[in-house]
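Residue-level listing of the chains:
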Amino acid sequence: MPKDHGVQATQAGESVEELKIAAITALDSTESGEQLEAWRVGFLGRKGRLTGLLRGLGSLDIEHRKVVGAAANSLRGELEALYEERSKQSKSSQAPVGSIDITLPGRRPALGGLHPSTQMIREITQAFNEMGFQTIEGPEVELEKYNFDMLNIPANHPARDQWDTIWVDSDTHNDVLLRTHTSPMQARTMEANDPPIRVVVPGKCYRYESTDATHEWHFNQVEGLAVDEGITFADLKGTLYEFARRIFGSQRKVRFRCDFFPFVEPGVDMSIEWNGNWIEILGAGMVHPKVLENAGYDSTKYTGFAFGMGPERISMLRNEITDIRHFFSNDLRFLTQF
Ligand code: PHE
């Protein structure tokens, strides 16, 4: 479409039909008020194409003149109507320039808030902070050494399988992965510090698995670790009981059962009573002597306990959320309920 939006000097012999098509096509491509005005002048103005066509009628014989004249006049009516409509549209869609419309009612600005996962993480870490645990964080892109080896997870353990672990493609390294749990921070913390240690570690974890209502391929965990001389299983139980009371209420019933994790011995899982059922909320255990030794600690002198839990799962329980995927789908209808 040429710049003048189809407005050209009247051509001799232009038919009403041709003019109609040209006018409508040109009108469609007008974008501003100025272009619309140029269109009006070009087609409907005193020197416009339609007027030109009407003027040319005189040279036609009487029969033709009648027919073409009637058609041209009806086209004028049509184009005028289209022009009116278009100019109304362009007025309503154009913001007033250099002014504000003080007649618009005020709108409440949308306030942001903390993500439900963040809220849960803060509540959990605060409960442990009050019991003397310090909050620290660690890398999400991790080395195989920390995610598996130092945690006493053997080379042939199924968790290392490519179906569970997201490995990072690299030309130079074949031991880089997205951490599958926050437990590598047990190894990192012990490697870098001497006892006593009391830390909680919130953070994102990743697993190569398909998603459903209770599984996500990425999620948060909160890890905990306490190492010192003379720490016993009673300390583990006392600390986690107290945690459950703080998060789920002082009357909450809690149950421990034996479970297996390669980096603890003995290992347990902890469940809480929930609507008549036992719901597992975390894994825990006494730090395995090999894990202490791997970090350079004397396992005859030091003992410790560790635990790990999923804040999204705990939030699901407390808030009656039925699908973990809500946490990561960024739907404001979900997020604004917190
Ligand atoms: N890392 C374990 C998991 O992801 C949880 C855990 C942490 C268990 C610490 C025991 C001790 O399932």
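What counts, and at which threshold
- Residues numbered from 1 in each chain as written.
- Predicted model: local features only at pLDDT ≥ 70, side-chain atom pairs only at ≥ 80, totals over all residues.
- Heavy atoms only, no water.
- Helix = DSSP H or I, 4+ residues; strand = E, 2+ residues; numbered from the N terminus.
- Buried < 20%, exposed > 50% of the residue type's maximum accessible area, 1.4 Å probe, protein only.
- Contact = heavy atoms within 4.5 Å.
- Salt bridge = Lys/Arg side-chain N within 4 Å of Asp/Glu carboxyl O.
- Pairing = 2+ DSSP bridges.
- Domains from an automatic or database assignment.

K.L.:
I keep staring at the environment of L60 and nothing clicks. Help me out?
P.N.:
Following the sequence through the fold, L60 ends up in the loop between α3 (49–55) and α4 (62–93). Judged by its relative accessible area of 30%, L60 is partly exposed. C-alpha separation for the pair L60 and Q337, spaced 277 residues apart in sequence, amounts to 76 Å. Not counting residues within four places of it along the chain, the set of residues in contact with L60 comprises R65 and V68.

K.L.:
Just checking my understanding: could you explain the pattern of salt bridges for this structure?
P.N.:
Should their charged atoms come close, side chains of opposite charge can pair. Applying the stated criterion across every chain yields a total of 11 salt bridges. Salt-bridge contacts for E80 lead to R76; the nearest nitrogen and oxygen are separated by 3.6 Å. Here E80 and its partner R76 are both found in helix α4, 4 residues apart, which amounts to about one turn of the helix. Because the salt bridges share partners, they merge into one network encompassing E130, E242, R245 and R246.

K.L.:
It is not clear to me how the pairing of strand β5 (residues 218–228) should be interpreted in this structure. Could you clarify?
P.N.:
Within β5, 10 of the 11 residues are buried, which leaves the element mostly enclosed by the surrounding structure. In terms of strand pairing, strand β4 (residues 197–206) meets β5 through 10 bridges, oriented antiparallel. Within the sheet, the bridge partner assigned to C205 lies in β5 and is F219. By the bridge criterion, 7 bridges tie β5 to strand β9 (residues 303–309) in an arrangement that is antiparallel. Considered in β9, the bridge of A226 is made with F305.

K.L.:
Just to check I follow, could you spell out the sheet that holds strand β6 (residues 254–259) for this structure?
P.N.:
The strands making up a sheet are joined through hydrogen bonds of the backbone, oriented either antiparallel or parallel. Taken together, the 7 strands give an open sheet; going across it, the order is β1-β4-β5-β9-β8-β7-β6, and neighbouring strands pair in mixed fashion. Because the sheet does not close on itself, it has two edges, and the strands there are β1 (134–135) and β6.

K.L.:
Got a minute to help me understand the domain arrangement of the protein in this structure?
P.N.:
How big an interface is tends to be expressed through the accessible area that disappears when the partners come together. Under the domain assignment, the protein is made up of domain 1 (5–93) and domain 2 (116–335). Taken over C-alpha atoms, the centre of domain 1 sits 75 Å from the centre of domain 2.

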